[in-house]
Amino acid sequence: MPKTATLKIDDKELSLPIIIGTENERAVDISKLRAETGYITFDDGFANTGSAQSNITYIDGEQGILRYRGYPIEQLAEKSNFIETAYLVIHGELPTPEQRTHFSSLLTQHAPLHQGMTRLFQGFPPAAHPMAVLSALMNALGCYYPHLATNNHQRDLEHFEEAVAIAISKVRTIAAHSYRISRGLPLNHPKRSLNYCDNFLHLMFSEPYNDYVATPEVASALNLFLLLHADHEQNCSTSTVRMVASAGANLFASVSAGVNALWGPLHGGANMAVIEMLKSIHADGDDGTKFIAAAKSGKGDRLMGFGHRVYKNYDPRAKIIKTSFYKALASLGIKDDPLLNIAMKLEEVALSDDYFISRKLYPNVDFYSGLIMRALGIPEEMFTVMFAIGRMPGWIAQWHEVARNPKLKIYRPRQIYAGHPQRNYVPTNLRG
Ligand code: CMC
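Residues numbered from 1 in each chain as written. Predicted model: local features only at pLDDT ≥ 70, side-chain atom pairs only at ≥ 80, totals over all residues. Heavy atoms only, no water.

A. Geometry of the overall build of the protein. Looking only at helices and strands, one finds 19 helices and six strands in the protein. Relative to a compact globule of 432 residues, whose C-alpha radius of gyration would be 22 Å, the protein shows 23 Å and is just as compact. Looking at the protein residue by residue over its 432 residues, the buried ones come to 47%. Once local pairs closer than 6 in sequence are excluded, the contacts in the protein between residues at least 24 apart make up 71%. Accessible surface, the protein as shown: approximately 22000 Å² in total, 52% of it carbon and sulfur. Of the charged side chains in the protein, 43 are positive and 42 negative; the average position of the first set lies 5 Å away from that of the second. (Helix = DSSP H or I, 4+ residues; strand = E, 2+ residues; numbered from the N terminus. Rg over C-alpha atoms; globule rule 2.2 N^0.38 Å. Buried < 20%, exposed > 50% of the residue type's maximum accessible area, 1.4 Å probe, protein only. Contact = heavy atoms within 4.5 Å. Areas by Shrake-Rupley, 256 points an atom, 1.4 Å probe, with all protein chains shown as cover. Lys, Arg positive; Asp, Glu negative; His and termini not counted. Charge placed at Lys NZ, Arg CZ, Asp CG, Glu CD.)

Below you can see the structure in the form of structure tokens.
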């Protein structure tokens, strides 16, 4: 394996170091290119740019492989649960029984919100999007725990365990409270006796005289949904978290920025867009055929829940979630859902259509995750919030990796300027 790559530019030959990852991923280190030649590299949308060396998640998009800290997603989905996996993603190792118990007790301790924070919800109009509320309140956590949000990485890291428990536990409480308040419903308080997922369902759906009790299949579908979203290396929201962290920002400010990035329909908002697409296909009396033809022509909307920047194969998370989805449907007694029928038709047609095959467009995790949440009774506007709850461990782990990097440099990409050349100021009376 060569240790360097040679680049010839303006008759100058440059030797660039090659970096090799654990899984034999290869990168050319161009960090000295500009200093030595005056050139930068150009990579629109960072599609071929390695922005970090990270130990957290490995993806092989061609083969459809996803591993957290070396463990295949299929094994974690079968044998672990969201909280244990969150610990793994953040700390790098599966917890011992003592560490697991300690982590759970910290999560229980930090589940309720400060009363002052509860009042913040009232300032939002009832129709406020819960992602806007979530982002604002995750950032506000730093105001309630100033010792965890000093914007000095070394000091913030001294209390990392506490910050982790607060972020993971309170994101769930904030999410459920924002839903209850948007519907004018009284708030529920977290219960010590319930595990993470059951507690979330209780916070969302219990009524004053009627505790919500989830079937094991429903709780396990939610658990799996969260686990499958726990991290996904350098995607848009994670890169945002790392970018903000690289400036020295605290954990809460950084993950709050991640929530905003996730909100976009090409990223976490896709699960909601999938249901909207299925509904509109249904309302048009289409079985999906017309929609696919329009998507292929480039005149219609894209097939939401299909395609991925990295996976050029079936998204492994989509495979796992699909199976759990059918189990949850059976436990809820849902037999014939027209949207599900359309989704199955879309998948069948797309997987055998040359347009999708040649572009390697396969179902991604969002194709089924919207349907699963719909079956669990989660309202559509909360879908991306659910993604954010699941992604919290990944954002935390990625923030941690940046914050404890002794050679940390602020993230600062370059650009190719394509605007006006220099010109002189025009006074108002001479314009137009
Ligand atoms: N439906 C129809 N055509 C598509 C789709 C789609 N969903 N996705 C990509 N294409 C076409 C695109 O038009 C282009 O065709 P052509 O080469 O003829 O111009 C080609 O495939 C390549 O597309 P691209 O936009 O260059 O690919 P990308 O890697 O930049 O985009 C993507 C990745 C996920 C943004 C895109 O596939 C997409 O918009 N999918 C729908 C939204 C979605 O499901 N997003 C969730 C992603 S998974 C969750 C997450 O990690 O956030």
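From this point, the narrative continues.
B. Just the pattern of salt bridges, in detail. Overall, the coordinates contain eleven salt bridges when judged by the stated rule. Where Glu 207 meets Arg 180, a salt bridge forms, and the shortest distance between an N and an O atom there is 3.2 Å. Taken together, the positions of Glu 207 in the loop between helix 9 (196-205) and helix 10 (216-228) and Arg 180 in helix 8 (residues 160-182) put the pair 27 residues apart, joining distant regions of the chain. Among the salt bridges present, the one from Arg 183 reaches Glu 381, with a minimum N-O distance of 2.6 Å. Taken as a pair, Arg 183 in the loop between helix 8 and helix 9 and Glu 381 in the loop between helix 18 (365-376) and helix 19 (383-403) lie far apart in primary sequence, 198 residues in all. Under the relative-accessibility criterion, Glu 381 is labelled partly exposed at 22%. (Salt bridge = Lys/Arg side-chain N within 4 Å of Asp/Glu carboxyl O.)

C. Inspection of the sheet that holds strand 2 (residues 12-20) at higher detail. Strand order in the open sheet made by the three strands is 1-2-3, with antiparallel pairing throughout. Across the chains shown, the open sheet's two edge strands, defined by having one partner strand only, are strand 1 (4-9) and strand 3 (26-28). Neighbouring strand axes in the sheet, compared pairwise and without regard to direction, differ in orientation by 30 degrees on average. As paired strands, strand 2 and strand 3 are joined by three bridges and run antiparallel to one another. Bridging from a neighbouring strand, Ile 20 pairs with Arg 26 of strand 3. (Pairing = 2+ DSSP bridges. Axes fitted to C-alpha atoms, helices over the stretch in contact; angles between N-to-C directions.)

D. Fine view of the sheet that holds strand 4 (residues 57-60). Here we have three strands laid out as an open sheet, ordered 4-5-6, and antiparallel in their pairing. The outermost strands of the open sheet, each flanked by one partner alone, are strand 4 and strand 6 (71-72). The pairing of strand 4 with strand 5 (residues 65-68) spans four bridges and is antiparallel. Paired with Tyr 58 across the bridge in strand 5 is Arg 67.

E. Focus on the site of the ligand. Lining the immediate surroundings of the ligand are 16 residues, of which His 267, Arg 302, Leu 303, Gly 305 and Arg 309 lie closest. A distance of 2.5 Å separates an oxygen atom of the ligand from a polar side-chain atom of His 267. Arg 302 has a polar side-chain atom sitting 2.8 Å from an oxygen atom of the ligand. Protein contacts shield 73% of the accessible area of the ligand, which totals 940 Å² for the unbound molecule. Partitioned by chemical class, the residues of the shell around the ligand number seven nonpolar, five polar and four charged. (Near = heavy atom within 4 Å. Polar contact = N/O pair within 3.5 Å; in protein donor to acceptor, adjacent residues only side chain to side chain. Nonpolar A, V, L, I, M, F, W, Y, C, P; charged D, E, K, R; others polar.)

F. Expanded view of the packing of helix 3 (residues 82-91) against helix 8. Between helix 3 and helix 8, the least distance of the axes is 12 Å, while the angle of their chain directions is 140 degrees. Taken together, the axes of helix 3 and helix 8 lie oblique to each other. You can see that helix 3 and helix 8 cross each other, and the crossing is right-handed. The residues of helix 8 that touch helix 3, namely those facing Ile 83, Ala 86, Ile 90 and His 91, are Phe 160, Val 164 and Ile 168. Along the lines of polarity and charge, the residues of the contact of helix 3 with helix 8 split into six nonpolar, one polar and no charged. (Parallel < 35°, antiparallel > 145°, perpendicular 65-115°, else oblique. Left-handed = near helix turned anticlockwise from the far one by under 90°.)

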